[in-house]
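# Notes for the structure review
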Amino acid sequence: MNALFLNCTLKPSPETSNSEALAKLVAAALQDEGVETEFVRLTDHRIKPGVESDMGDEDEWPAIRERILGAEILVFATPTWLGQPSSVSKLALERMDAMLSETDDDGRPVAYNRVAGVVVTGNEDGAHHVITEICGALNDIGFTIPGQAWTYWNKGPGPGEDFLNDEEGHDWSASTAKAAASNLLAVARALQANPAPPPPS
């Protein structure tokens, strides 16, 4: 079983990412169950805007797409900006729009029988809105979204410290991270044992 984490921070490496720090709690819980985990920081790659799987020369999305399809579990990790998912997460979802019309050899949409979850950080409220937007998009594409397959941290309304500089709320974020990992893995195993069939024609 493999899990891929897409870090949708606006910061390129090697800058510290709060979203990645929280996502690593989900990854650790999955690793404890024998799941192989991988992180991709999208800002470190040239990803062209668009809604196709391959936008031509110098586009690095096709390789990322292959890693997405090579994982049974996908987790979006994003900061909150202006109460919204990051622009990087939206860019990735727009590129994944192409998967709506892509099928495997058995006629299934390529995202079928894969599960997805969300990790959100930000020092202002809006985490549930961000979770809803990303989960709704991934569900449209064909991913299965288990119940409570998310965790988040925020400081509440107004400016404040970030996840790595403020311990308040960490216990709750950690416990929900473990719950998210458990729910993602349980449903991924169920789909592996009993895959969803192709949609009726």
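Structure shown above.
Residues numbered from 1 in each chain as written. Predicted model: local features only at pLDDT ≥ 70, side-chain atom pairs only at ≥ 80, totals over all residues. Heavy atoms only, no water.

## Structural notes on the packing of helix α1 (residues 18-31) against helix α5 (residues 170-193)
Put simply, the rule is: Simply put, an axis is a line fit to the C-alpha atoms, just over the touching stretch for a helix, and the angle between two N-to-C directions goes from 0 to 180 degrees. Secondary structure elements are defined from DSSP: runs of H or I of at least 4 residues count as helices, runs of E of at least 2 residues count as strands, and each element is numbered from the N terminus. If an angle is under 35 degrees, it is roughly parallel; if it is over 145, roughly antiparallel; if it lies from 65 to 115, roughly perpendicular; otherwise it is oblique. In this scheme the handedness of a crossing depends on how the near helix is turned from the far one: anticlockwise by less than a right angle means left-handed, clockwise means right-handed. Note on definitions: a residue-residue contact is assigned when non-hydrogen atoms from the two residues lie within 4.5 Å. Residues are grouped as follows: nonpolar covers Ala, Val, Leu, Ile, Met, Phe, Trp, Tyr, Cys and Pro; charged covers Asp, Glu, Lys and Arg; every other residue, Gly included, is treated as polar.
Contact geometry of α1 with α5 gives a least axis separation of 8 Å together with a crossing angle of 50°. Overall, the two elements α1 and α5 adopt an arrangement that is oblique. The way α1 lies across α5 gives a crossing that is right-handed. Together, Leu 22, Leu 25, Val 26, Ala 29 and Leu 30 of α1 and Ser 173, Ala 174, Ala 177, Lys 178, Ala 181 and Leu 185 of α5 make up the contact between the two elements. Here the residues of the contact of α1 with α5 are counted per class, giving nine nonpolar, one polar and one charged.

## Side note on the nonpolar core
For the record, the criterion: Nine residue types can take part in a nonpolar core, namely buried Ala, Val, Leu, Ile, Met, Phe, Trp, Tyr and Cys, and a core is a set of them joined through side-chain atoms within 4.5 Å. Partly exposed describes any residue whose relative accessible area lies between the buried limit of under 20% and the exposed limit of over 50%, with all areas from a 1.4 Å probe on protein chains only and scaled to the type maximum.
Of all hydrophobic cores here, the largest spans 33 residues; its most connected members are Leu 6, Ile 68, Leu 74, Phe 76 and Met 96. When residues in this core are grouped by element, the largest group, seven residues, is from helix α4 (residues 127-141). With near-sequence residues (within four places) excluded, Leu 6 lies in contact with Val 40, Leu 42, Ile 64, Ile 68, Leu 74, Val 75, Phe 76 and Ala 77. Grouped together as the second largest cluster of nonpolar side chains are 24 residues, Val 26, Ile 73, Ala 181 and Leu 185 included.

## A word on the packing of helix α3 (residues 87-96) against α4
Describing two packed helices takes the angle between their axes plus the distance from one axis to the other. Taken N-terminus to C-terminus, the directions of α3 and α4 make an angle of 15°; their axes are 10 Å apart at the nearest point. Accordingly, the angle class assigned to the pair α3 and α4 is roughly parallel. Seen along the crossing, α3 lies across α4 with a hand that is left-handed. Residues Ser 89, Lys 90, Leu 93 and Met 96 of α3 touch α4, and the partners they reach there are Glu 133, Ile 134, Ala 137, Leu 138 and Ile 141.

## Thoughts on a nonpolar patch on the surface
We apply this condition: A patch consists of residues exposed above 30% relative accessible area that lack any salt bridge, with like charges linked at up to 9 Å and nonpolar side chains (Val, Leu, Ile, Met, Phe, Trp, Tyr) linked at up to 5 Å. In this description, accessible areas are obtained by the Shrake-Rupley approach with a 1.4 Å probe, and a residue is regarded as covered only by the protein chains that are shown. Whenever Lys or Arg places a side-chain nitrogen within 4 Å of a carboxyl oxygen from Asp or Glu, that contact is recorded as a salt bridge.
A cluster of nonpolar side chains, Leu 10, Trp 81 and Leu 82, forms an exposed patch at the surface whose accessible area comes to about 400 Å². Structurally, the position occupied by Leu 10 is in the loop between β1 (2-7) and α1. Residue class for Leu 10 comes out partly exposed when judged on its relative accessible area of 41%.

## Brief notes about unusual backbone geometry
Looking along the chain, the bond that leaves Ser 13 and enters Pro 14 is cis, with omega of 10°. Structurally, the position occupied by Pro 14 is in the loop between β1 and α1. Positive phi outside glycine occurs at Leu 82, with the angle close to 55°. Following the sequence through the fold, Leu 82 ends up in the loop between β3 (73-81) and β4 (84-85). Here Gln 148, not a glycine, exhibits a phi torsion of approximately 50°, which is positive. Look at Gln 148 and you get exposed, because its relative accessible area is 55%.

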